[in-house]
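# Overview (structure and organization)
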Amino acid sequence: MDGVRTAFGRAGPKGVFWRTRADDMAVKAVREVLRRNPQVPPERIGDVVFAATAQVGDQGLTLGRDVGLLAGLPASVPGLAVDRMCAGALTAVTIAAGELAFGAADVALAGGVEHMGHHPMGEEVDFNPRFVAERLVDTSAVTMGATAENLHDRFPQLTRDDADAFAVRSHERLAAAWKNGVMHDTVVPMTVFGDDGWRVADRDEFLREDTTLDGIADLATPFRVGGRVTAGNSAGLTDGATACLLASSTAVDELGLEPPMRLVAYAFAGVEPELMGLGPVPATKQVLEQAGLTIDDVGLFELNEPFAVQVLTWCDGMGVSPDDERLNPYGGAIACGHPLAATGVRLMAQLAHGFRERPDVHYGLTALCIGMGMGAAVLWESTAARA
């Protein structure tokens, strides 16, 4: 039905959300999506499914239930928490969609939050020593930047220059999206407290409108001496939250709702953990096969951009040019950031906007890679084109 996000802030003490609780960020997104859809009675919501990768501290407990209560939903509305790392929000959506499809609910909220400043990736994780001792995974699998360098090794034709060029386009496209109002349709401003007092968080902190190839050409390669992955062609560590409203076709008719898109099919796939960036390729192929479509039938792609090379491998595997206008037309995570479990709904919200701008497009795809060697892909149909 609708999806929103907070601005994405820089993780750490210098970030805009440093003194803001993760669950309060999620509450802000939930309240905004409900405010934008007053025709949906809160008591009709059958479940609140919320994702976080680090399910501890201010994003721990049963996050969906906690966020629902804090957002003012009736006590009769249940909730749950889910984790599939970077695909957390997309998994929350597919779980909620299953409830709608089975008739267990007819309206649901789904989303994700990640405060990477409060909870750095892997900080409170105790990896089983069998992973390494029994060689179940390569040791590089637990360092996402190292897995990106592995992709460059596996696909040497995808160079650092290619990755840098894609990164520059991401910044250019996101900057244009802010200027022409696209982001104002999907980003909810939030008043936050910081070292300098109260302020409004209403802008992605990682966006650099003046990014150029020359400007990022000499950046260090922190994951490998002489490597190809840099801060310039990767997404920064980020804090942010997203939320979306889902409804069954029955609820759409009863409440007089006007959804921009319909979920057609979804797929999750596994790959070698040390090559986790490959995950969206088999996931995309599986979801297209489910729907009986080809890649040429899809008119818009919203792919996450944890690393430019990850998107380039998807392009290489699916036969899509990295500068294709269908691919991330409003920029992506390299420019705005990637707060792990929250990102999936950002992709959906941008796709919904794309459908409204492009009534000629029938199908769109949201996809991303997932830590420890997985991929996710969700296929959507524009309701305008369907009509």
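Structure: see above.
Reference entry: report on the structure contained in this document. Here the structure is a predicted model, which is why all the values come from computation and not from measurement. (Residues numbered from 1 in each chain as written. Predicted model: local features only at pLDDT ≥ 70, side-chain atom pairs only at ≥ 80, totals over all residues. Heavy atoms only, no water.)

### Thoughts on the packing of aromatic side chains
Here the structure, examined in full by the defined rule, presents 3 aromatic pairs. Relative to F268, the ring of Y266 has its centre 5.9 Å away and its plane inclined at 65°; by these criteria the two rings are edge-to-face. Note on F268: relative accessible area 23%, which makes it partly exposed. The ring centre of F8 lies 4.4 Å from the NZ or CZ of R5, which sits over that ring. Residue placement shows R84 over the ring face of F268; its charged tip is 3.7 Å from the ring centre. (Phe/Tyr/Trp six-rings, centres within 6.5 Å; stacked < 30°, edge-to-face > 60°. Buried < 20%, exposed > 50% of the residue type's maximum accessible area, 1.4 Å probe, protein only. Lys NZ or Arg CZ within 6 Å of the ring centre and 35° of its normal.)

### Some words on the sheet that holds strand β11 (residues 298-303)
Sheet strands pair via backbone hydrogen bonds, and the direction of the pair is either parallel or antiparallel. Strand order in the open sheet made by the 4 strands is β10-β13-β12-β11, with mixed pairing throughout. A strand with exactly one partner marks an edge of an open sheet, and here the two such strands are β10 (261-270) and β11. In this sheet, adjacent strand axes meet at a mean angle of 20° when their direction is disregarded. Two elements, strand β12 (residues 363-370) and strand β13 (residues 374-382), share 8 bridges in a ladder whose sense is antiparallel. Each residue of the ladder has a partner; that of I370, found in β13, is M374. Running at roughly 120° to β10, helix α3 (residues 88-102) makes contact with β10, β12 and β13 of the sheet. (Pairing = 2+ DSSP bridges. Helix = DSSP H or I, 4+ residues; strand = E, 2+ residues; numbered from the N terminus. Axes fitted to C-alpha atoms, helices over the stretch in contact; angles between N-to-C directions. Contact = heavy atoms within 4.5 Å.)

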